[in-house]
Amino acid sequence: MHSLKDEIKFLFSGQGMPYERVCLLVAMVVTVILSVLLSGNFAKEARVAVIDLDNSAYTRELITRVNASEYMQVTAVLNTPVDPKTLFYEDKAVAVLYFPQGLEKDRYTGVGTQIGVFYDNTNNAQTADIKVALNELIGLDNAQAAGDVGSTNDSLAGNLSLAERILFNPQDSTSNGETLGFLFFFGSMFFVFATIGMVPRLRLTHALDRILLEGTPWDLILRLLPYGGCLIVSFFVGMAILRIWGDLNFSGSAWLFLFTQLFYVLAVGMLSLLFGWTAANPGIASSRMILFIPGGFILGGMTGPLTFYAPWVVALSHVFPLTWEFHFQRDIIARGAGFFDISTLFGAFLLYLAAIALALMLRFRSARRQLLAQQAAAERHREKFKQLAQE
């Protein structure tokens, strides 16, 4: 009974992880917030690009039908040949339709023809509803053609059909999906565990006061380098194992992915410093990892397809660093994008990084002012004590 009392006292003492608050927070996040964020279970207004080489009244009618579907939204129509793969960069599309030249002529003369469709399979669940919707549209068009007065398209030989091609992960390999996602998730999580208690540790050893008085935020950021180096090495070791032992498709440049990881590690490390800053000790700081790491894993497109989320959920997910990591993974590793292909995405990520750096600088300056005020108050107290002692 004495042991139970001691443990209850420690639980509410604030010396360890505040589990009494964390358990309630987890319950509320799972039941309330995630139920809202994950309320969609089908693709709604998924982005579709169209390469229309026929540029006819019939193809424009098909584009209108596709855009009218609740599952799809046509975001780009190109009338010149282009590599469909490039239209998927930065998640700009999840499917690309290809209308060949002469499509309208074949449609009305009973010649069998095909529409090309390319699917992004970086997440194998995100195009299921689109496939069903497109097949329905083609079926309705064939039925309409068979009943058209004056149309000679009255046989199966003259039907319109879809020629499908699965891009980026055609074999539905877990090495390119869930396993790779867990590699980045768990690697980032334990990196945070290793760094989020840094400021509380420095505070307990009184090293933080010297850094605040004599140093700059860079003195804290530099301390992240060995941890960041270990994280990057672990990422590449894991990907090497998936490449050699598994069937990982690494389509892009390893050097470009390494370049983006330097900035990703910096972003996660600075967020770790910020979230752990006010913790009383490293143990309490560790529990705050849940505030900024799991969100990106849940909403970043690796576990659940982005087509299932509302646009505001997709936008909100970018407050989590793992969302950006999964963007880089899909574009560079899966799709083989080059630097200029992801320049817009990388530029947005640099703005995100700059916002984190600004927040850390303001936190550092605020802590320095508080420390100087405390030292000034302590000095006044000592002077007053000396005066009283002399009197």
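Cut-off values and rules
- Residues numbered from 1 in each chain as written.
- Predicted model: local features only at pLDDT ≥ 70, side-chain atom pairs only at ≥ 80, totals over all residues.
- Heavy atoms only, no water.
- Helix = DSSP H or I, 4+ residues; strand = E, 2+ residues; numbered from the N terminus.
- Contact = heavy atoms within 4.5 Å.
- Areas by Shrake-Rupley, 256 points an atom, 1.4 Å probe, with all protein chains shown as cover.
- Lys, Arg positive; Asp, Glu negative; His and termini not counted.
- Charge placed at Lys NZ, Arg CZ, Asp CG, Glu CD.
- Phe/Tyr/Trp six-rings, centres within 6.5 Å; stacked < 30°, edge-to-face > 60°.
- Lys NZ or Arg CZ within 6 Å of the ring centre and 35° of its normal.
- Pairing = 2+ DSSP bridges.
- Axes fitted to C-alpha atoms, helices over the stretch in contact; angles between N-to-C directions.
- Salt bridge = Lys/Arg side-chain N within 4 Å of Asp/Glu carboxyl O.
- Buried < 20%, exposed > 50% of the residue type's maximum accessible area, 1.4 Å probe, protein only.
- Expected span 1.5 Å × (residues − 1).
- Arc of directions from axis to C-beta.
- Bend = angle between axes of the 7 residues up to and from the residue.
- Core = buried A, V, L, I, M, F, W, Y, C linked by side-chain atoms within 4.5 Å.
- Patch = residues over 30% accessible without salt bridge, like charges linked within 9 Å, V, L, I, M, F, W, Y side chains within 5 Å.
- Parallel < 35°, antiparallel > 145°, perpendicular 65-115°, else oblique.
- pLDDT = per-residue confidence, 0-100.

## Digging into the overall build of the protein chain
Inference 1: Summing up its helical and strand segments, the protein chain has 16 helices and 5 strands in all.
Inference 2: Within the protein chain, contacts between residues separated by at least 24 positions form 81% of all contacts whose residues are at least 6 apart in sequence.
Inference 3: As displayed, the protein chain offers around 19900 Å² of accessible surface, 63% of which is attributable to carbon and sulfur atoms.
Inference 4: Here the protein chain contributes 29 positively and 32 negatively charged side chains, and the mean placements of these two sets differ by 15 Å.

## Topic: the packing of aromatic side chains
Inference 1: Counted according to the given criterion, the structure contains 24 aromatic pairs.
Inference 2: Plain terms: the ring middles of F275 and F292 are 4.6 Å apart, the flat faces sit at 20° to each other, and that makes the pair stacked. Of this pair, F275 sits in helix 11 (residues 254-276) while F292 sits in the loop between helix 12 (282-286) and helix 13 (294-299); the two residues are 17 residues apart in sequence, bridging distant segments of the chain.
Inference 3: Note that R335 overlies the ring of F168, its terminal NZ or CZ placed 5.8 Å from the centroid.

## Section: the sheet that holds strand 1 (residues 46-52)
Inference 1: Read from one edge of the open sheet, 5 strands run 2-1-3-4-5, paired in mixed fashion. In this open sheet, the two edge strands, each paired with only one partner strand, are strand 2 (72-78) and strand 5 (160-167). With strand direction ignored, the average angle separating the axes of adjacent strands in the sheet is 25°.
Inference 2: Inspection of the sheet shows strand 3 (residues 95-99) paired to strand 4 (residues 113-120) by 4 bridges, in the antiparallel sense. Across the sheet, residue L97 finds its bridge partner in strand 4, namely V117.
Inference 3: Across the sheet, helix 3 (residues 57-68) lies against strand 1, strand 2, strand 3, strand 4 and strand 5, angled at about 150° from strand 2, the strand it touches most.

## Things to note about the pattern of salt bridges
Inference 1: Counted by the stated rule, this structure contains 8 salt bridges.
Inference 2: Across the pair K92 and E90 runs a salt bridge, and its minimum N-O distance is 3.9 Å.
Inference 3: For K92, a relative accessible area of 48% puts it in the partly exposed group.
Inference 4: Taking relative accessible area as the criterion, E90 reaches 15% and is therefore assigned buried.
Inference 5: In this structure, D331 and R335 form a salt bridge, with 2.7 Å as the shortest nitrogen-oxygen distance. You'll find D331 and R335 in the same group, each marked buried.

## Remarks on helix 3
Inference 1: Its 12 residues give helix 3 an end-to-end C-alpha distance of 16 Å, which sits within 8% of 16 Å, the value for a rise of 1.5 Å per residue.
Inference 2: Turning to helix 3, its buried residues are Y58, T59, L62, I63 and V66. Down the axis of helix 3, the buried side of the element spans an arc of 145°, and every buried residue falls inside it. Exposed residues pointing more than 90 degrees away from the buried face of helix 3 are listed as T64 and A68.

## What to know about helix 2 (residues 19-37)
Spacing of three or four residues puts side chains on the same side of an α-helix, whose turn is 3.6 residues.
Inference 1: V29 marks the point of greatest bend in helix 2, at about 35°.
Inference 2: Listed in full, the buried residues belonging to helix 2 are E20, V22, L34 and L37.

## Overview of unusual backbone geometry
Inference 1: Its identity as a non-glycine residue notwithstanding, N55 has a phi of 50°, on the positive side.
Inference 2: Structurally, the position occupied by N55 is in the loop between strand 1 and helix 3.
Inference 3: Since its relative accessible area comes to 41%, N55 is described here as partly exposed.

## Regarding the nonpolar core
Inference 1: Counting residues in hydrophobic clusters, the biggest one holds 61 residues, and the most contacted among them are F184, W277, I293, L322 and F328.
Inference 2: Not counting residues up to four positions away in its chain, the partners in contact with W277 are V199, R203, L212, L220, L360, R363, F364 and A367.

## Quick word on a nonpolar patch on the surface
Inference 1: The grouping of L24, L25, V26, M28, V30, I290 and L291 at the surface amounts to a nonpolar patch, some 570 Å² of accessible area in total.
Inference 2: Locating V30 in the fold gives a position in helix 2.

## So, the packing of helix 11 against helix 15 (residues 321-334)
Inference 1: Contact pair helix 11 / helix 15: the axes reach a minimum separation of 10 Å and the direction vectors enclose 175°. When the interaxial angle is binned, helix 11 and helix 15 end up roughly antiparallel. For the pair helix 11 and helix 15, the contacting residues are L256, F257, T260, Q261, Y264, V268 and L271 in the first and P321, L322, E325, F328, Q329, I332 and I333 in the second.

## What to know about the confidence of the model for the protein chain
Inference 1: Within the protein chain, residue pLDDT values average 88, and 94% of them lie at 70 or more.
Inference 2: Here helix 2 stands out as the element of the protein chain with the lowest mean pLDDT, 77, in contrast to helix 11, whose mean of 96 is the highest.
Inference 3: Overall, residues 149-154 carries pLDDT values under 50, and its contacts beyond four positions in sequence, including any with other chains, amount to 10 contacts.

## Some thoughts on the environment of V29
Inference 1: The residue V29 is located in helix 2 in this model.
Inference 2: Between the C-alpha atoms of V29 and V66, which are 37 residues apart in sequence, the distance is 36 Å.

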